[in-house]
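Chain by chain, the residues:
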Amino acid sequence: MPYRIQTIAMTKVFLVALVAHTQFIGGQSFLFPRRAPSLPKRDDPFSSPTQYKRASYSYTKPTSSPLHVSSRKNDERDQITRKEDRVDVAFQLDSADSELGSDPQHHADAQHHNYPNVILQADKLGRSAHNQILRILPKSKPLVSSTTEWKRLERHATEVIQPSHLRDMIQDPERCDAMYAEHDGVYLDYSRQQATLETMDLLFELAEKQELQQRIRGMFNGEKINFTEDRAVLHTALRASKDDAGTVFVDDLDAIKEVHDVLDQIKKFTDAFRSGEIVGYTGKRMRNIVSVGIGGSYLGPEFLHEVLKTEAEGINSSLGYSLRFLANVDPVDVERTCADLDPEETLIIVVSKTFTTAETMLNARTMRQWLWDFMGDDIDVVRKHVVACSSVSATENVKAFGIDTDKYFFRFWDWVGGRYSVCGAAGAVPISLLYGFDLFEKFLEGARSMDTHFLNAPMKNNIPIIMGLLGVWNSSFLGYNSRALIPYAQALLR
C-alpha cells in the first residue's frame, strides 16, 4: 500500500512539472529555458549502470535571469526572477556507492532505500512548477464562486429551496404572475422552476456583479471574448441590419458590410437558380439540392428546413424542389440520399470551413464521382453542379476541388462558431435555394429581433439572460447535471 501511495504522489508531481515544462513563451519553456544535460553515451555495453542512472537524475537550472511575460493588457508585465535550484539525487546514489560497493544488487537496494528522497525532490520541483504557473498566468478577477453573491445563493439553496417543494411554490399567485417574460411573440413561463422571486433577485445580483450586460455589449461590438482562440464571437453580425455597416470591426474588417456582401451574392445566385437562369452541365434545369457537411454545417440548416417545410409559406415556395443533407460517411447514407435523384438536375453544396474536414471531403468526393459517373469526367461538370461554403483561407482548396471560386464560392468567417452558422452562408445557401431568399431573410429578421431584445432589455425581462441564469442555478446550486428540451411541436424534432 505505501508504494501505491508513493506512485500516485509521484504521478501528480510529474504531471504538474510536465504541464509547466510544455508551456512555451517566445519559443522557450518558461520553467526550463534550456534543455537538460543529455545522458552519457553508452557506446560500451558494459559501462557503469550507476553512472547512467546518476546522470539521469541530475539537473541544474540556469542561474537567475529575468523573464518578462505579457499579460492580457499590453501595458502590464510581470517579472519573474529565476533562482538557481539543483535537484541532485546523484548525491544520494554516490553515498550508497561508497557504502555498498559495486554489487549490482546493492545498487538496486540503494535506489530502493533512497526512493523517498527522489519523491521529496520531485515534489519540491513540482511545487516550484505550480508556483511558476500561478505567477505567469494573467492577472484576473477572483473566481465567481468566491464572491459574496455566489455565497448568498449557496445559502439560499440550502436553507430555503431544498426544504421546499415545487407544488407549494406554484400555489403562490404573486410568484407565478411575476415569473414570465415576453418578446415579439415569444412567451417564457418559468414559474415551474424550483426558484422563488428571491432566488431571481439573487441571480440578477450575481449577474450584475459579473458585469454580464457589459460583456454582452462587448460581444456585439466585436471584442475578442473567445480568449482561448483570440477571436471575436459575432454570430449576431450575421443577422444585423445593413444600416449598421461601419459599426463593428474585427481586425480592421467591417464585419457587417462583409456579411451583407455575401448575402447579396447568395440572393443573386439563388434567384438565378430558382428562375432557371442557371442550368446544369447538360442544359437541364436543376431542382434537387444536396448539402454535404457535418456538425454545425448541417444541424442548424436541417433544423430550419424541418420547421419551414410544414409552414404554409414554406410549402408553397418549395414546390418543385427538394433538399437533402448528407453527413454520414456510411455508403448507405450516400445511397439513400442519391437513390431517386437525377444527377443532371442536382446541385451539390459542400460546407466546410477549412475544406479539409475528413468526413465532409470524403462525402464531397463521393458525390463528385457520382456526377462524373453519369455525365463524364469533365471538370465543367463540377463547375456547374458543385458550390462551396467555406472560409476565405480555404480558397485554394476549393479551387483545387474544381469549384468555380468566382461565382460559386460563398465565404464565412472564423468569428462565427459552427453551431451558429445557420444564419451565415452554411444556412443561407441551401435554405434560399429551396424556399427562396425572401423567406430566409424573414428568418434573419426574427433572429435580429431577439438579438436586440438580448442586448437592450432589462435583465428582469430579458428572456435569454433569464434562461441562462436559471441554467446556472439548476446546475451549480441545485446539482442537476442534465437538461431536457422537450418540444411539443413536431416541427422542432431536430
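Every value quoted in this text rests on a predicted model; they were computed, and no experiment measured them.

**Student:** I would appreciate a short explanation of the overall build of the protein chain in the present structure.
**Tutor:** When helices and strands are counted, the protein chain shows 19 helices and 15 strands. Of all intrachain contacts in the protein chain linking residues separated by at least 6 positions in sequence, the fraction that spans at least 24 positions is 66%. Carbon and sulfur atoms make up 52% of the accessible area of the protein chain, which totals about 28200 Å².

**Student:** Would you mind showing me how to read the pattern of salt bridges here?
**Tutor:** It is possible for side chains bearing opposite charge to pair when their charged atoms get close. This model, assessed by the stated rule, comprises 16 salt bridges. Of the charged contacts in the structure, one is a salt bridge between D264 and K242, with a shortest N-O distance of 3.3 Å. Taken together, the residues span a long stretch of sequence, with D264 in helix α10 (residues 255–275) and K242 in the loop between α9 (212–220) and β9 (249–250) at a distance of 22 residues. What makes D264 partly exposed here is its relative accessible area of 39%. K284 is the partner of D342 in a salt bridge, and the nearest nitrogen-oxygen pair spans 3.4 Å. Highlighted residues: D342 in the loop between α13 (331–338) and β13 (346–351) and K284 in the loop between α10 and β11 (288–292), separated in sequence by 58 residues. Accessibility expressed as a relative area gives 34% for K284, which makes it partly exposed. One continuous salt-bridge network, built from bridges that share partners, spans E229, R231 and D414.

**Student:** In this structure, what is going on with the pairing of strand β14 (residues 386–391)? I would like to understand it.
**Tutor:** The side chains of a regular strand alternate between both faces of the sheet. A large share of β14 lies buried, amounting to six of its six residues. Here β13 pairs with β14 via four bridges, running parallel. Counted as the bridge partner of V351 is C389 from β14. Here β14 pairs with strand β15 (residues 409–412) via four bridges, running parallel. In the sheet register, A388 faces β15, and the bridge partner there is F409. Between the parallel pair β14 and β15, the chain is carried across by helix α16 (residues 395–401), and the sense of this crossover is right-handed.

**Student:** Mind showing me how you'd approach the pairing of strand β8 (residues 186–189) here?
**Tutor:** Here strand β7 (residues 180–183) pairs with β8 via four bridges, running antiparallel. Within β8, the residue paired with E182 across the bridge is Y187. In sequence, β7 turns back onto β8 through a hairpin of two residues, with D184 there showing a positive phi of about 50°.

**Student:** Whenever I open this one, the nonpolar core confuses me. Can you help?
**Tutor:** Ranked by internal contacts, the top residues of the largest apolar core, which has 77 residues, are F355, M367, I403 and W415. Take this core: its biggest share by element is nine residues, from α10. Discounting residues that sit within four places of it in the chain, F355 has contacts with V350, M361, A388, S390, A394, N397, V398, F401 and I403. Core analysis: the next-biggest nonpolar cluster, separate from the first, contains 28 residues, W150, A157, I161 and Y190 among them.

**Student:** Hey, could you run me through the packing of aromatic side chains in this one?
**Tutor:** Two descriptors summarise a pair of aromatic rings, namely the distance from one centre to the other and the angle between the planes of the rings. In the structure shown here, the tally under the stated rule is 13 aromatic pairs. Ring geometry for W150 and F477: centres 4.4 Å apart, planes at 45°, overall tilted. Note that W150 is positioned in helix α5 (residues 148–161) and F477 in helix α19 (residues 463–477), a separation of 327 residues in sequence. Grouping residues by exposure puts W150 and F477 together as buried. Here the aromatic residues W150, W473 and F477 are joined through ring pairs into a cluster of three or more.

**Student:** Please clarify how unusual backbone geometry should be interpreted in this entry.
**Tutor:** Generally, phi is negative for residues other than glycine and the peptide bonds are trans, each holding for most cases. For D251, which is not glycine, the phi torsion reads 50° and is therefore positive. Along the polypeptide, D251 turns up in the loop between β9 and β10 (253–254). Phi is positive for D252, close to 70°, though the residue is something other than glycine. Residue placement: D252 occurs in the loop between β9 and β10. Under the relative-accessibility criterion, D252 is labelled exposed at 77%.

**Student:** I'm lost on the side chain of E149 in this one. Help?
**Tutor:** By secondary structure assignment, the location of E149 is in helix α5. No salt bridge is formed by the buried E149; its nearest oppositely charged neighbour, R152, is found at 4.5 Å. Non-local contacts of E149, meaning those with residues more than four positions away in its chain, are made with E205, L206 and K209.

**Student:** Even after reading the chapter, I still don't get α19, so can you show me in this structure?
**Tutor:** Along an α-helix, a turn takes 3.6 residues, which lines up residues three or four apart on a common side. Between the first and last C-alpha of α19 there are 21 Å, a value that for 15 residues agrees with the 21 Å anticipated at 1.5 Å per step. Those residues of α19 that fall on the buried side of the exposure criterion are I463, I465, I466, L469, L470, G471, W473, N474 and F477. Elements in contact with the buried residues of α19: α5, β7, β8, α8 (197–209), α9 and α18 (437–456). Taken from the residues just after α19, G479 is the one with a positive phi, measuring 80°.

**Student:** How should the side chain of T346 be read in this particular structure?
**Tutor:** Positionally, T346 belongs in strand β13. A polar atom in the side chain of T346 sits 3.5 Å from the side chain of N288. In this view, T346 contacts M286, N288, V290, L341, W370 and H385; residues no more than four positions away in its chain are not counted.

Cut-offs and rules
Residues numbered from 1 in each chain as written. Predicted model: local features only at pLDDT ≥ 70, side-chain atom pairs only at ≥ 80, totals over all residues. Heavy atoms only, no water. Helix = DSSP H or I, 4+ residues; strand = E, 2+ residues; numbered from the N terminus. Contact = heavy atoms within 4.5 Å. Areas by Shrake-Rupley, 256 points an atom, 1.4 Å probe, with all protein chains shown as cover. Salt bridge = Lys/Arg side-chain N within 4 Å of Asp/Glu carboxyl O. Buried < 20%, exposed > 50% of the residue type's maximum accessible area, 1.4 Å probe, protein only. Pairing = 2+ DSSP bridges. Right-handed = clockwise from strand over helix to strand, strands pointing away. Core = buried A, V, L, I, M, F, W, Y, C linked by side-chain atoms within 4.5 Å. Phe/Tyr/Trp six-rings, centres within 6.5 Å; stacked < 30°, edge-to-face > 60°. Lys, Arg positive; Asp, Glu negative; His and termini not counted. Expected span 1.5 Å × (residues − 1). Polar contact = N/O pair within 3.5 Å; in protein donor to acceptor, adjacent residues only side chain to side chain.

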